[in-house]
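Architecture and fold: a report
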Amino acid sequence: MQKEYAVQMKNISKHFGGVKALTNVSLNVEKGEIHALIGENGAGKSTLMKILAGAYQKDHGEIIIDGKEAKISSPKDVINLGVSVIYQEFMLAPDLTVAENIFIDKLAGSGILINWKTLKKRAKEQLLKLGFDDIDPEAKVGSLSVAYQQIVEICKCLARDSKILVFDEPTAVLTFSETRKLLSIIQNLKASGVSIIYISHRLEELLEISDHITVLKDGNYVDTVATSSINKEELVAMMVGREITQLFPERKAEIGKEILKVENLHAGEVVKDVSFSVKSGEVVGFSGLVGSGRTETMRAIFGADKKDSGKVIYFGEEVNFKDPKEAINKGFGLLPEDRKKQGLLLEQSIRMNTTMASMFKIKKLGVINHKKEKDYVKELLASIATKYGSMEDNANSLSGGNQQKIALAKWLSADCKVLVFDEPTRGVDVGAKTEIYKIINQLAEEGVGVIVISSEMAEIIGMCDRAIVMRQGSITGEVDKSELTENNLIKLAMGV
Ligand SMILES: Nc1ncnc2c1ncn2[C@@H]1O[C@H](COP(=O)(O)OP(=O)(O)OP(=O)(O)O)[C@@H](O)[C@H]1O
Ligand SMILES: [Mg+2]
C-alpha cells in the first residue's frame, strides 16, 4: 500500500551567517503517526520545525503538506494549513491570563466583542480535558511555574484543532506525573488521527510512544528507522556517533564536614518548615513534583526571594543573604531552572555570559585581560562540548541545549563552596549530560557541596549521595544512596 504522508520536508537547507544549521535534510511524517526527531544539541531540530512553522524561511528545499506543496511565508499560513508548533521556548504573553493566552488567535483581530465569561469557561474545559484543572484560567501566565506555562502553551495549540502537531521538547520542564499525563494526551491525539512530530532528549519517552524516529547530526540527515526495530544504545550511537558506556561517571569525592545547615525555613506561601544539611564533597539531590517547593526553598536561601523565618548556617555561621550578590560573594551559587528569565543575558555575548560570575579570575590589576578571558572561555565551553559559532555572538543564537550549557559554564569556575543546580541537564543531549555529570563530580571532589534539583529520577539515583524529597512545600523524607530507587522517590513525592 502506498504510504500517506501528513508532512514531507525534502532537502531542506538553512544557514545563519556562517553557521550551516541544516544541509539537505528530509523528514517524512505518515498520517496519524508519532514521528520522533532526535539529535544532539545544535543538530538542527528546532530550526527544521521553525521552517515548517513559517518562523524561519528555508534557503532550499520543498515542503509538502497533505500531498500539496505548501508555500509558507508566515506563521499564519501554517496555522491555516492545520499545523501547530509547541515551541521549546514558549511564545506566551506573560501579562495576559491563562484564558487569554489559550485563545489568543481568536482574540487577535477578531473585531467582535469578546465574551469573557465564555472564554474563561472554555479555557477551563480545555485545561480539564488535559487533566490540569488546578490551573486558574484567570491567573497571569507570568505567575505560573514553567511547567504550567508549558501546559498552557499546549492548551493553546490544541485549541486550534490542528491536524499536525509539533512538540519541541514538551517534557523538558515537566516532572514524572505531568509527563505521564502529557504522553497519554499525545497518544489520544494520535488515536483521533492527528499526526505528531515529537522532539525530546528523553530517549525512553520517544521509544515508548513513537512509530518512527528520524536522527539528525550537525545539520545533516542521518536516518529514519522504525521505533520497533531499534534499542536505546543503538539510538545513542546514531545520535552521537559513538557508544556511551557509562552515563553516570564514577565519583571519588571525600565527604567532609557539614558546610550548610538549614533549620525550619519558611518562605512565602510555598516553603514550610524545611530543614536539611549538606556536607563538603557531597552531592545531595532534591526530588519532588512540580510545585513541590524545591526551587522556592533554594531561592530563599540564596537571597533571591525573602525568607520569613528559619536559620541558614553556612560554614558554622548564621547568614542572611539579602540578595544573590551577597550569596555569590560568599561562594554560594545557584544555577536557576529558567535560563531564559534568570540564567542568561540573551542579548549579550556568549563570552560575557560565561564569565559573568567569575570576572575576578581573569581580571588582572583591575583590568580585564582579554586574551586570557577568551582562552578561558574557549577551554571551558569545549569541556562541556558547547556548540557555537563565535563567542561574540549573542546567547540567543544558540540552540536550547547549548544555552543551558552556557548558563552552567558561568558557575563552574566561580569558585563556589556550595552550588545549587536547578535542573542542570534540562534539554541537554545524552553526550553532554555525561560531561555535565563529570563536572559535578569534579566540583564535589574539590570539596564543593552540591545540591541538584532534578525532575529526572534516573539522574537523582545515578548522581546523588542521598536525596531529599519535597511535597507541597515540606520535606517528606530523605533517601540514602543504598535505598535510592524510583519507587521510593515516587512514594515520597506523591505522599503515599
Ligand atoms: N537565530 C539564529 N541565529 C544564529 N544561529 C542560529 C539561530 N537559530 C539556530 N542557530 C544555530 O543553528 C544550529 C541548530 O540549532 P537548533 O536550535 O535547530 O538545534 P537543536 O537541534 O534544536 O538543538 P537543542 O537540542 O539544543 O534544542 C545551532 O548551531 C544554532 O546555534
Ligand atoms: Mg531545539
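Report follows, based on the coordinates. This is a predicted model, so every value here is computed, not measured. (Residues numbered from 1 in each chain as written. Chains lettered and ligands numbered in written order. Predicted model: local features only at pLDDT ≥ 70, side-chain atom pairs only at ≥ 80, totals over all residues. Heavy atoms only, no water.)

Time to look at the environment of D105. By secondary structure assignment, the location of D105 is in helix α4 (residues 104-107). Overall, the relative accessible area of 31% leaves D105 in the partly exposed class. Note: C-alpha distance between D105 and S195 (90 residues apart in sequence) is 21 Å. (Helix = DSSP H or I, 4+ residues; strand = E, 2+ residues; numbered from the N terminus. Buried < 20%, exposed > 50% of the residue type's maximum accessible area, 1.4 Å probe, protein only.)

Let's shift gears to the pairing of strand β21 (residues 466-471). Most of β21 is tucked away: five of the six residues are buried. Bridge count for strand β13 (residues 283-288) against β21 is five bridges, and the pairing is parallel. Across the sheet, the residue bridging to S287 is V469, located in β21. Here β21 runs beside strand β22 (residues 474-480); their pairing, made up of six bridges, is antiparallel. Looking across to β22, one finds that R471 is bridged to S474. From the end of β21 to the start of β22, which pair antiparallel, there are two residues, and Q472 there has a positive phi angle of about 45°. (Pairing = 2+ DSSP bridges.)

Ordered in space as β16-β19-β20-β13-β21-β22, the six strands form an open sheet in which the pairing is mixed. The open sheet terminates on both sides in strands that have one partner only, identified here as β16 (332-335) and β22. Averaged over neighbouring strand pairs, the angle between their axes works out to 20° when direction is ignored. Across the sheet, helix α16 (residues 400-412) lies against β16 and β19 (418-422), angled at about 175° from β16, the strand it touches most. Contacts between helix α17 (residues 430-445) and the sheet are confined to β13, β19 and β20 (449-453), with β20 contributing the most and set at about 150° to the helix. (Axes fitted to C-alpha atoms, helices over the stretch in contact; angles between N-to-C directions. Contact = heavy atoms within 4.5 Å.)

On the secondary structure map, D422 appears in strand β19. No salt bridge is formed by the buried D422; the nearest opposite charge belongs to R426, separated by 5.9 Å. Within the local environment of D422, its side chain forms a polar contact with the side chain of T295, the two groups lying 2.8 Å apart. Non-local contacts of D422, meaning those with residues more than four positions away in its chain, are made with T295, L335, P336, E337 and I453. (Lys, Arg positive; Asp, Glu negative; His and termini not counted. Salt bridge = Lys/Arg side-chain N within 4 Å of Asp/Glu carboxyl O. Polar contact = N/O pair within 3.5 Å; in protein donor to acceptor, adjacent residues only side chain to side chain.)

Okay, the pattern of salt bridges next. Evaluated as defined, the whole model comprises 25 salt bridges. Two residues, D305 and R299, come together in a salt bridge whose shortest N-O distance is 2.9 Å. Put simply, K330 and E326 hold a salt bridge, and the shortest N to O gap is 3.6 Å. Exposure remark for K330: the relative accessible area of 40% places this residue in the partly exposed category. Salt bridges here are not isolated pairs; linked through shared partners, they connect E4, K31 and D66.

Attention shifts here to the sheet that holds strand β11 (residues 258-267). Sheet architecture is open: four strands sit in the order β12-β11-β14-β15, paired in antiparallel fashion. Here the strands that pair on one side only, and so sit at the sheet edges, are β12 (271-279) and β15 (317-319). Geometrically, the sheet is characterised by an average inter-axis angle of 20° between neighbouring strands, direction not taken into account. In the sheet, β11 pairs with β12 via six bridges, with the strands oriented antiparallel. Along β12, the bridge assignment pairs E258 with K279. Strand contacts of helix α10 (residues 294-302): β11, β12 and β14 (309-314), with the helix running at about 70° to β12, the strand carrying the most contacts.

By the definition in use, this model includes two cavities of 30 Å³ or more. Its boundaries defined by the atoms lining it, the largest cavity holds a volume of some 130 Å³. Its residues placed into classes, the lining of the largest cavity shows three nonpolar, seven polar and seven charged. Three or more residues apiece are contributed to the lining of the largest cavity by two domains, here domain 1 (5-240) and domain 2 (258-494). Its boundaries defined by the atoms lining it, the second largest cavity holds a volume of some 100 Å³. Mapped by element, the contributors of at least two residues to the lining of the second largest cavity are β13 and α19 (486-494). Examining the composition of the lining of the second largest cavity, we find that four residues originate from one element, α19, more than from any other. Taken together, the residues that form the lining of the second largest cavity break down as seven nonpolar, five polar and no charged. (1 Å grid on protein atoms, 1.4 Å probe; cavity = no way out; pocket = protein on both sides within 12 Å on 5 of 7 lines; lining within 4 Å. Points joined across faces, edges and corners; volume = space filled by probe spheres on them. Nonpolar A, V, L, I, M, F, W, Y, C, P; charged D, E, K, R; others polar. Domains from an automatic or database assignment.)

Between its terminal C-alpha atoms helix α7 (residues 176-191) stretches 23 Å, which fits the 22 Å expected from 16 residues at 1.5 Å a residue. Of the surrounding secondary structure, the elements contacted by the buried residues of α7 are β3 (34-38), α5 (116-130), α6 (146-158), β7 (164-168), β8 (195-199) and α8 (203-209). Residue G193 follows α7 closely and has a positive phi angle near 100°. (Expected span 1.5 Å × (residues − 1).)

Taken together, 22 residues sit near ligand 1, with G42, K45, T47, S399 and G401 positioned nearest. At 2.8 Å, a backbone N or O of G42 approaches an oxygen atom of ligand 1. Protein coverage of the free-state accessible area of ligand 1, which is 640 Å², stands at 88%. Mapped by element, the contributors of at least two residues to the shell around ligand 1 are β2 (19-30), α1 (45-52) and α16. Built from parts of two domains, the shell around ligand 1 gets at least three residues from each of domain 1 (5-240) and domain 2 (258-494). (Near = heavy atom within 4 Å. Areas by Shrake-Rupley, 256 points an atom, 1.4 Å probe, with all protein chains shown as cover.)

Looking now at the pairing of strand β1 (residues 5-16). Where β1 and β2 come together, eight bridges link them in antiparallel fashion. Across the sheet, residue Q8 finds its bridge partner in β2, namely N28. Linking β1 to β2, which pair antiparallel, is a turn of two residues; within it G17 sits at a positive phi near 55°. Across five bridges, β1 lies against strand β4 (residues 60-65) in antiparallel orientation. Across the sheet, V7 pairs through a bridge with I65, a residue of β4.

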